[in-house]
Amino acid sequence: MILTYVQPPGLRLLTVARLAASERYKGHDLLIDALARLQSQPFALVIAGEGTPDYRASLEQLVSDRGLGDRTHFVGFVEGERKALLLQGADLFALTSHSENFGIAVLEAMAAGLPTLVTPGVALATVIQEQGLGYVPDQTVAAIGQDLQLWLGQRPQARAMGQRARAYVADHYSWKRVAETGGSALGFSGSVTVSPMC
């Protein structure tokens, strides 16, 4: 099967999270409201994830109300090659969640060489901030918007963050590293056995 992905114009911001009323804490509304303040800037928002039709419809309405309908793309559930294409085509990964135990999607974005924007409730926020791998604004529309403005205006610095993020993941979250740490690198307790793939 041949996969195609049409790149939206402008700098591309990707977020991947379930779209469901029970998971409003993912903070899609905060990200949309923050981007609405930056409409003079050249960006496109790609929202990946499935969930409940009513909640997706509410987000689509919010996007329309904020005047972002022509630059926001809802692409549904993604995995495998399609997710890889989205990551390759993105310039920033964002997760403005109120609470996130680990954030596998964030780690995948880092491994793809993307700078990330996460809020303090995401477990990887401390690492991202301490290692200079992205942006960690407070959980407010104003703070998120301010860091998005930095990202839009500081492209070389953002690319350097992404390069550091890729190297950090390779050093700390490879399967070899997971095996060496007994799974603690990924937040697991107890022992982990990694078998060679056939």
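Before reading on, note that the structure itself is shown above.
Cut-offs and rules
- Residues numbered from 1 in each chain as written.
- Predicted model: local features only at pLDDT ≥ 70, side-chain atom pairs only at ≥ 80, totals over all residues.
- Heavy atoms only, no water.
- Helix = DSSP H or I, 4+ residues; strand = E, 2+ residues; numbered from the N terminus.
- Buried < 20%, exposed > 50% of the residue type's maximum accessible area, 1.4 Å probe, protein only.
- Contact = heavy atoms within 4.5 Å.
- Axes fitted to C-alpha atoms, helices over the stretch in contact; angles between N-to-C directions.
- Parallel < 35°, antiparallel > 145°, perpendicular 65-115°, else oblique.
- Left-handed = near helix turned anticlockwise from the far one by under 90°.
- Nonpolar A, V, L, I, M, F, W, Y, C, P; charged D, E, K, R; others polar.
- Phe/Tyr/Trp six-rings, centres within 6.5 Å; stacked < 30°, edge-to-face > 60°.
- Lys NZ or Arg CZ within 6 Å of the ring centre and 35° of its normal.
- Expected span 1.5 Å × (residues − 1).
- Arc of directions from axis to C-beta.
- Pairing = 2+ DSSP bridges.
- Right-handed = clockwise from strand over helix to strand, strands pointing away.

Student: Go over the overall build of the protein chain with me, naming the residues and quoting the values.
Tutor: For the protein chain, the helix and strand inventory stands at eight helices and six strands. When the elements of the protein chain are put in sequence order from the N terminus, they spell out β-α-β-α-β-α-β-α-β-α-β-α-α-α. Within the span of the protein chain, comprising 198 residues, buried residues form 48% of the whole. A separation of at least 24 residues holds for 65% of the contacts in the protein chain among residues at least 6 apart in sequence.

Student: Please provide a residue-by-residue account of the packing of helix H1 (residues 28-36) against helix H6 (residues 141-153), values included.
Tutor: Interaxial distance between H1 and H6 falls to 8 Å at its minimum, and their mutual angle equals 60°. Compared by their axis directions, H1 and H6 come out oblique. For H1 against H6, the interelement crossing comes out right-handed. Of H6, the residues touching H1 (which contributes Leu-30, Leu-31, Asp-33, Ala-34 and Leu-35) are Val-141, Ile-144, Gly-145 and Leu-148. For the contact of H1 with H6, the residue count by class is seven nonpolar, one polar and one charged.

Student: Just give me the short version of the packing of H1 against helix H2 (residues 53-65), but keep the residues and values in it.
Tutor: Helix-helix packing is characterised by the crossing angle of the two axes and by the distance between the axes. Following both chains from N to C, one finds H1 and H2 inclined at 15°, their axes separated by 10 Å at the closest point. In terms of orientation, H1 and H2 fall into the roughly parallel class. For the element pair H1 and H2, the recorded crossing hand is right-handed. Where H1 approaches H2, its residues His-28, Asp-29, Ile-32 and Asp-33 are matched on the opposing element by Tyr-55, Leu-59, Leu-62 and Val-63. Looking at the contact of H1 with H2 residue by residue, the classes come out as five nonpolar, one polar and two charged.

Student: An account of the packing of aromatic side chains is requested, with residue identities and associated values reported.
Tutor: For the structure on display, the rule yields one aromatic pair. With a centroid separation of 6.3 Å and an interplanar angle of 55°, the aromatic rings of Tyr-168 and Tyr-173 are classed as tilted. Look at Tyr-173 and you get buried, because its relative accessible area is 16%. The cationic tip of Arg-71 hangs over the ring face of Phe-43; the distance from NZ or CZ to the ring centre is 4.4 Å.

Student: Tell me about helix H7 (residues 155-172), residues and numbers included.
Tutor: Between the first and last C-alpha of H7 there are 26 Å, a value that for 18 residues agrees with the 26 Å anticipated at 1.5 Å per step. Burial in H7 covers these residues: Arg-155, Ala-158, Met-161, Gly-162, Ala-165, Tyr-168 and Val-169. Seen along its axis, H7 keeps its buried residues to an arc of 135°; they face one direction. Along H7, the residues that are exposed and aim more than 90 degrees away from the buried face are Pro-156, Gln-163, Ala-170 and Asp-171. Structurally, H7 contributes buried residues whose contacts are with strand S1 (11-16), helix H4 (104-111), helix H5 (125-131), strand S6 (134-135) and H6.

Student: Break down the pairing of strand S2 (residues 43-48) for me, citing the residues and quoting the values.
Tutor: Taken across its six residues, S2 has six buried, putting it largely inside the fold. Every second residue of S2 is oriented toward a common face, with Phe-43, Leu-45 and Ile-47 on one face and Ala-44, Val-46 and Ala-48 on the other, all of them buried. Examined bridge by bridge, S1 and S2 share six bridges and lie parallel to one another. Among the inter-strand pairings, Leu-13 is bridged to a residue of S2, identified as Leu-45. Traced from S1 through H1 to S2, the parallel crossover comes out right-handed. Pairing geometry for S2 and strand S3 (residues 72-76), over four bridges, is parallel. When the bridges of S3 are listed, Val-46 appears paired with His-73. As for the winding sense of the linkage, the β-α-β connection from S2 through H2 to S3 is right-handed.

The analysis is restricted to geometry; functional conclusions fall outside its scope.
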